[in-house]
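An overview of the molecular structure
The lines below spell out each chain.
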Amino acid sequence: MTFGTHMVVAAAVALPVLHNPAAAFAVGLASHYVVDAIPHWDWPLKSLEKKPEEGHFASTVNFSFGAISIDLLRIAIDTSMGLVALGVVYLIAGHAWSLIALAAAAFGGILPDGLQFLFFATRARSRVLEYHQRFHDAIHTDNKIPHTEYVRGVLLQAPVFLIPLAVLLFAV
């Protein structure tokens, strides 16, 4: 899933606990793994390419200016979409919610992908990052829409973004 989708889903699932930032973060974190078990599409990362044929812990890291620039632009646009959507939710319906709890849920929703990138990018085989990577891989679907199928990927992910957004907007 994309960051924006993870953020919106996390906030919607955390709706019952948005009065408590710690609980909202925990629910948002758990939502990441549940949503990643569903077949989906991801942005292809130019700076990090996993090699499935060599196992879950093999990757090629390309920190060239071009690769990093493309990835950072995609991540910024994707995260901005999630932030704008949640900002609109807060402005329209968030009077009873804590802005900090909404942000905590969203951060919990994207944290596992950040840990995964850190695992591959640093090559530092910390036990915590390795355990997380094994857990993330075990839960993550192997049935992913190919990166090259942008239109199909976006169209199939749109409802996963829009339905939780509607839940958040109409929950109050």
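Now for a look at the structure at hand. (Residues numbered from 1 in each chain as written. Predicted model: local features only at pLDDT ≥ 70, side-chain atom pairs only at ≥ 80, totals over all residues. Heavy atoms only, no water.)

Let us look at the overall build of the protein chain. Of regular secondary structure, the protein chain possesses six helices and two strands. Going from N to C terminus, the protein chain has its helices and strands arranged as α-α-β-β-α-α-α-α. For the protein chain, whose C-alpha radius of gyration is 16 Å, the value lies close to the compact-globule estimate of 16 Å for 172 residues. Seen through its C-alpha atoms, the protein chain measures out along the principal axes to roughly 50 × 35 × 30 Å. In the protein chain, which comprises 172 residues, the proportion classed as buried is 40%. Within the protein chain, contacts between residues separated by at least 24 positions form 76% of all contacts whose residues are at least 6 apart in sequence. Surface exposure of the protein chain reaches about 9200 Å², of which carbon and sulfur atoms provide 72%. Between the mean site of the 10 positive side-chain charges and the mean site of the 12 negative ones, the protein chain shows a separation of 4 Å. (Helix = DSSP H or I, 4+ residues; strand = E, 2+ residues; numbered from the N terminus. Rg over C-alpha atoms; globule rule 2.2 N^0.38 Å. Buried < 20%, exposed > 50% of the residue type's maximum accessible area, 1.4 Å probe, protein only. Contact = heavy atoms within 4.5 Å. Areas by Shrake-Rupley, 256 points an atom, 1.4 Å probe, with all protein chains shown as cover. Lys, Arg positive; Asp, Glu negative; His and termini not counted. Charge placed at Lys NZ, Arg CZ, Asp CG, Glu CD.)

So, on to helix H3 (residues 65–93). Helix length check: H3, at 29 residues, gives a terminal C-alpha distance of 41 Å against a target of 42 Å (1.5 Å per residue), a fit within 8%. Those residues of H3 that sit buried are Ala-67, Asp-71, Arg-74, Asp-78, Thr-79, Gly-82, Ala-85, Leu-86, Val-89 and Ala-93. (Expected span 1.5 Å × (residues − 1).)

In the structure shown here, the tally under the stated rule is two salt bridges. The partner of Glu-149 in a salt bridge is Arg-152, and the shortest N-O contact between them spans 2.8 Å. Judged by relative accessible area, Arg-152 falls into the partly exposed class, the value being 42%. (Salt bridge = Lys/Arg side-chain N within 4 Å of Asp/Glu carboxyl O.)

This part is about the nonpolar core. If you look at the biggest cluster of nonpolar residues, it comprises 20 residues, and the most contacted ones within it are Val-8, Leu-18, Ala-24, Leu-86, Leu-165 and Leu-168. Elements with a minimum of two residues in this core: helix H1 (3–13), H3, helix H4 (99–122) and helix H6 (150–170). (Core = buried A, V, L, I, M, F, W, Y, C linked by side-chain atoms within 4.5 Å.)

This paragraph deals with the side chain of His-6. When you line up the elements, His-6 lands in helix H1. By relative accessible area, His-6 is classed as buried at 1%. A polar atom in the side chain of His-6 sits 3.2 Å from the side chain of Asp-36. Discounting chain neighbours no more than four positions away, the residues touching His-6 are Met-1, His-32, Val-35, Asp-36, Gly-109, Ile-110 and Asp-113. (Polar contact = N/O pair within 3.5 Å; in protein donor to acceptor, adjacent residues only side chain to side chain.)

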